[in-house]
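Overview (structure and organization)
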Number of protein chains: 2
Amino acid sequence: MSPSIHRFREALELDGGQVLPSFDLAYETYGNLSPSRDNVIVACHALSGDAHAGGATTGGAASAVDGLGAGQRGLAGVGWWDGMIGPGKAFDTDRYQVICINVLGSCRGSTGPRSIDPRTGRRYDTDFPIVTVGDMVRAQKRLIDALGIRGIAATSGGSLGGMQALEWAVRYPDFVRSCIPIASTARLSPMGLAWSSIGRNAIMADPRWRGGRYPDDDPPDAGLAVARMVGHVTYLSSISIAEKFGRRLQNRSDYSYSFDADFEVESYLRYQGDKFVKRFDANSYLYLSRALSYFDLAAQWGKGSLSAAMARAPASFLVLSFSSDWLYPPADSLALAEAIREAGGSVESRVIDSNYGHDAFLVEEGRQTALIRDFLERQDA
Amino acid sequence: MSPSIHRFREALELDGGQVLPSFDLAYETYGNLSPSRDNVIVACHALSGDAHAGGATTGGAASAVDGLGAGQRGLAGVGWWDGMIGPGKAFDTDRYQVICINVLGSCRGSTGPRSIDPRTGRRYDTDFPIVTVGDMVRAQKRLIDALGIRGIAATSGGSLGGMQALEWAVRYPDFVRSCIPIASTARLSPMGLAWSSIGRNAIMADPRWRGGRYPDDDPPDAGLAVARMVGHVTYLSSISIAEKFGRRLQNRSDYSYSFDADFEVESYLRYQGDKFVKRFDANSYLYLSRALSYFDLAAQWGKGSLSAAMARAPASFLVLSFSSDWLYPPADSLALAEAIREAGGSVESRVIDSNYGHDAFLVEEGRQTALIRDFLERQDA
């Protein structure tokens, strides 16, 4: 269960003015490319995701992967969007070839801060340049070109993945026929900025972070775990937390009168933090969190006007959001849809009634499937 | 501007089974005690508050204060509820004597983890026993008795203060004539449990915490700052953050492409974290956060039934909440009011329309004042 790795030896100029001299991208594909090589759906992953979106992996032999840092345990198991990708599913691999590419800056096979800088022979660590969603997508476009793909039927993803999906549609207007951003936004909300910055502060406050130059065997796990706990709660809703945990105690009948994790929700959060640090790199978390906070389609493409930015994109849009998602609230998705409409574009938007908060894009497969299949069928008709 | 300190030399048995051999309580009063000594309003403070609620302090000479730990800079400046306490204000000092008592476990004059354990001559640190809201209120009752107060016209407070106000009414039914819990709840919600536990984890994850035994000159500031940032954002609303900061950059015209605090909201949160650690003790934060999470009136007083618990209290209740408070949501206040009604009690409840989130109880003085003055006048009539 390994992704394919494509190595790019030409430099990539970044939005921040720096240059990546070379980079790797890890990716997986599901389904077959059509004879016209344009039946591709780009499934874009969220902050903690990776290339392993579907239940099956490509058979392609993986190249050696440079610079895998602490806690990278491979991509085994069921893909993060397996419920959505496959024969007869929302992204139907009988009709489309779905590709999922690990983003630049991550730690799951693509080049990121734990990779070796070929100019120094040392790890980048915090010398890794800041990458934006735009940079991620430009790197992905090189892979799409390298694979001989001639057109994209749809880009889609939730959260940071939805930002990439939108960036694709605006940056490559002649290449992307439709776009399905889910639980996402054209720019991170001020509330989102706040939580992202708290996560980064938690990591950078950990003395083991050491300005970003920590050894593999002593990473800033404590800070990263706190960042993950913060993120995790923002992905839930008050209803989903209440339904899942309530105030139930964890394996005890009374309070411990201590700082132990007495409540199930406390124990669960510690477990989530501990689990996360085993598979994710703290510096990558910083970089991807920064990319989230910098994303602003209107500023980047429309001189501050979202409708001007969206006027660049002739794609058809299906904008999905979830009623209880307070991190990427439906209002942001509705504002995006309105901007597309103002720009004269084609857009449908649906607020799916769900108690699962931001996580709904990973959980509410059935309801998304019906909407997405119907939308994609009409695009092809 | 110093609070009075009252020293209690009789032991206090605590809900967790441990015993405090002696304790101090810091308090301030505003207005005069009536001849019948029963015109007292107990204003209860929230997690980070202290006895300095009003604009003026008592003239009473302060006793020496044992065990003031790191970062305790005294209680100078305008009180945390100055807009609500004073002549003609919501809590009218022309009619009432308002008293505000620093809670047990805090670091602002009353005995807490940074105090000296008289049995060992050393600081308690994490040998300090866990204190509950019930313990806090039983300690306060001793002070009320010591001051010769014969009846309480009202207890009130926001957040943790509202919990104390409720505990007063249920624990001392013959003593409390009315109760005004604001932006509070009869038990911390599961979402609140989650955020509280993340704050504690951030502190305990800081290696400088050292299991709670840190020196005054090297406290776990980094962890406490992260806990404060988390708390601070939960006290705001998405609207108030958007209105106050939006995505404005801090003293720059473009992104720094670094992990600096580029956005105003990022800079603001760092400032809030840095400011807080100068005046608050990390261990006290842990203890008060634990008290918040353990509070559960129904479990404590009603064998799981909130209306059974509230049936103990003959007081008249005014339950206030704020529309955009997602940490102590209006639904919890409405459920509390409903339980009082079910128990046959007297209750009014108002959800005040406000964008200020949980912080509204400190900010929306005008609207609270009208409701509270009217309510209190009717109690006396």
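From a predicted model like this one, the values you see are computed outputs, not experimental measurements.

**Structural notes on the interface of chain B and chain A**
Between chain B and chain A, the residue contacts involve 53 residues of the former and 53 residues of the latter. Regarding the contact of chain B and chain A, the summed buried area is about 4,600 Å², with carbon and sulfur atoms giving 73% of it. In terms of surface lost to chain A, no three residues of chain B exceed B:R247, B:Y257 and B:F259, which account for 19% of the buried area on that side. Joining chain B to chain A, the criterion identifies 8 salt bridges. A salt bridge links A:R290 to B:E266; its shortest N-O distance comes to 2.9 Å.

**A few points about the pattern of salt bridges**
Under the definition given, this model contains 59 salt bridges over all chains. A salt bridge links B:R114 to B:D216; the nearest nitrogen and oxygen atoms lie 2.8 Å apart. Here B:R114 is found in the loop between β8 (97-101) and β9 (116-117), whereas its partner B:D216 is found in the loop between α3 (190-205) and α4 (221-235), with 102 residues between them in sequence. Taking relative accessible area as the criterion, B:R114 reaches 1% and is therefore assigned buried. The class for B:D216 is partly exposed, based on a relative accessible area of 39%. Here B:R208 makes a salt bridge to B:D218, at a shortest N to O gap of 3.0 Å. With a gap of 10 residues between them, B:R208 in the loop between α3 and α4 and B:D218 in the loop between α3 and α4 connect regions that are remote in the sequence. Assessed through its relative accessible area of 37%, B:R208 is described here as partly exposed. For B:D218, a relative accessible area of 25% corresponds to the partly exposed category. Look at the salt bridges and you will find they share partners, linking A:R114, A:R123, A:D125, A:D127, A:R213, A:D216 and A:D281 into a network.

**Some details on unusual backbone geometry**
All names here are of chain A. Even without being glycine, R210 reaches a positive phi, approximately 55°. Counting through the fold element by element, R210 comes out in the loop between α3 (190-205) and α4 (221-235). On the basis of relative accessibility, which here comes to 38%, the residue R210 falls in the partly exposed class. Its identity is not glycine, yet K303 carries a phi of approximately 50°, on the positive side.

**Section: the relation of the copies chain B and chain A**
The relation between the two chain copies is a rotation about an axis coupled with a shift along that axis. After a rotation of 180° and a shift along the axis of 0.0 Å, chain B superposes on chain A with an RMSD of 0.0 Å. Taken together, the rotation angle and the small translation identify this as a two-fold axis. Ranked by how close their C-alpha atoms come to the rotation axis, the residues of chain B are headed by B:D206, at 3.3 Å. Here 100% of the contact residues of chain B are again contact residues in chain A; the copies associate through an equivalent surface.

**Some details on the packing of aromatic side chains**
On inspection of all chains with the given rule, the structure shows 36 aromatic pairs over all chains. Pairing A:F259 with B:Y287 gives two aromatic rings, centres 4.9 Å apart and planes at 85°, and the pair type is edge-to-face. Linking A:F259 in the loop between α5 (238-244) and α6 (264-277) with B:Y287 in helix α7 (residues 282-294), this pair reaches from one chain into another. Each member of the pair, A:F259 together with B:Y287, is buried. Arranged with centres 5.9 Å apart and planes meeting at 85°, the rings of A:F276 and A:Y285 form a pair that is edge-to-face. Since its relative accessible area comes to 1%, A:F276 is described here as buried. Above the face of the A:F276 ring, A:R228 is positioned so that its terminal group lies 4.3 Å from the ring centre.

**Focus on the domain arrangement of chain A**
All names here are of chain A. Taken domain by domain, chain A holds domain 1 (4-188 + 296-380) and domain 2 (192-288). Once you take the C-alpha centre of each, domain 1 and domain 2 turn out to be 25 Å apart. Residue-level contacts link 35 residues of domain 1 with 32 residues of domain 2. Along the contact surface separating domain 1 from domain 2 lie 5 salt bridges. The class makeup of the residues in the side of domain 1 that touches domain 2 is 16 nonpolar, 11 polar and 8 charged.

**Regarding helix α7 (residues 282-294) of chain A**
When the terminal C-alpha atoms of α7(A) are compared, their 19 Å separation across 13 residues agrees well with the 18 Å that a helix rising 1.5 Å per residue should span. Counting buried residues in α7(A) gives 13 out of 13 residues, a clear majority hidden from the surface.

**Some thoughts on the packing of α4(A) against α6(A)**
All names here are of chain A. At a minimum axis distance of 8 Å, the contact between α4 and α6 shows a crossing angle of 125°. When the axes of α4 and α6 are compared, the pair comes out oblique. Of the two elements, α4 crosses α6, and the hand of that crossing is right-handed. Listed contacts from α6 to D221, L224, A225, R228, M229, H232 and V233 of α4 are Y268, L269, R270, Q272, G273, F276 and V277. Tallied by class, the residues present in the contact of α4 with α6 amount to 8 nonpolar, 3 polar and 3 charged.

**Some points on the side chain of B:S293**
You can see B:S293 is positioned in helix α7. Judged by relative accessible area, B:S293 falls into the buried class, the value being 0%. In this structure the side chain of B:S293 is engaged in a polar contact, spanning 2.9 Å, whose partner is the backbone oxygen of B:R290. B:S293 has contacts with A:R247, A:F263, A:E266, B:L188, B:L193 and B:R200, leaving out every residue within four places of it along the chain.

Reading the values: rules and limits
Numbering of residues starts from 1 in each chain and follows the order in which that chain's sequence is written. Each chain gets a letter, beginning with A, and each ligand a number, beginning with 1, in the order they are written. Residues qualify for local features only when their pLDDT is at least 70, as the model is predicted, and side-chain atom pairs are given and counted only at 80 or more; totals for whole chains, interfaces and linings, by contrast, use all residues. Side-chain figures throughout are based on the complete set of non-hydrogen atoms in the structure, without hydrogens or water. Residues count as neighbours in contact if any of their non-hydrogen atoms are within 4.5 Å of one another. What counts as buried area is the accessible surface, traced by a 1.4 Å probe, that two parts surrender upon association, with contributions from both included. When a carboxyl oxygen of Asp or Glu lies within 4 Å of a side-chain nitrogen of Lys or Arg, that pair is called a salt bridge. In this description a helix means any DSSP run of H or I spanning at least four residues, a strand means any run of E spanning at least two, and both kinds are numbered starting from the N terminus. With a 1.4 Å probe rolled over the protein chains alone, any residue whose accessible area is under 20% of its type maximum counts as buried; one over 50% counts as exposed, and the rest are partly exposed. For the least-squares superposition of copies, only C-alpha atoms count, and only for residues with pLDDT at least 70 in both. Classification of ring pairs uses Phe, Tyr and Trp, with its six-membered ring standing for Trp, and accepts pairs whose centres are within 6.5 Å; under 30 degrees between planes counts as stacked, over 60 as edge-to-face, and the remaining range as tilted. Working rule: Lys NZ or Arg CZ, within 6 Å of ring centre, within 35 degrees of ring normal, means a charge sits over the ring. These domain limits were set by an automatic method or by a database of domain assignments. Residue polarity is assigned by list, with Asp, Glu, Lys and Arg as charged and Ala, Val, Leu, Ile, Met, Phe, Trp, Tyr, Cys and Pro as nonpolar; anything else, Gly included, falls into the polar class. By this rule the span expected of a helix is its residue count minus one, scaled by 1.5 Å. All axes here are fitted lines through C-alpha atoms, helices being fitted over the stretch that makes contact, and every angle between N-to-C directions spans 0 to 180 degrees. By definition in this entry, angles of less than 35 degrees are roughly parallel, angles greater than 145 are roughly antiparallel, angles of 65 to 115 are roughly perpendicular, and the rest are oblique. Two helices that cross are described as forming a left-handed crossing if the nearer one is turned anticlockwise from the farther one by less than a right angle, and a right-handed crossing if clockwise. Pairs of N or O atoms within 3.5 Å make up the polar contacts considered here, provided that, within protein, one atom can donate a hydrogen while the other can accept it, and that residues adjacent in sequence are counted only when both atoms are side-chain atoms.

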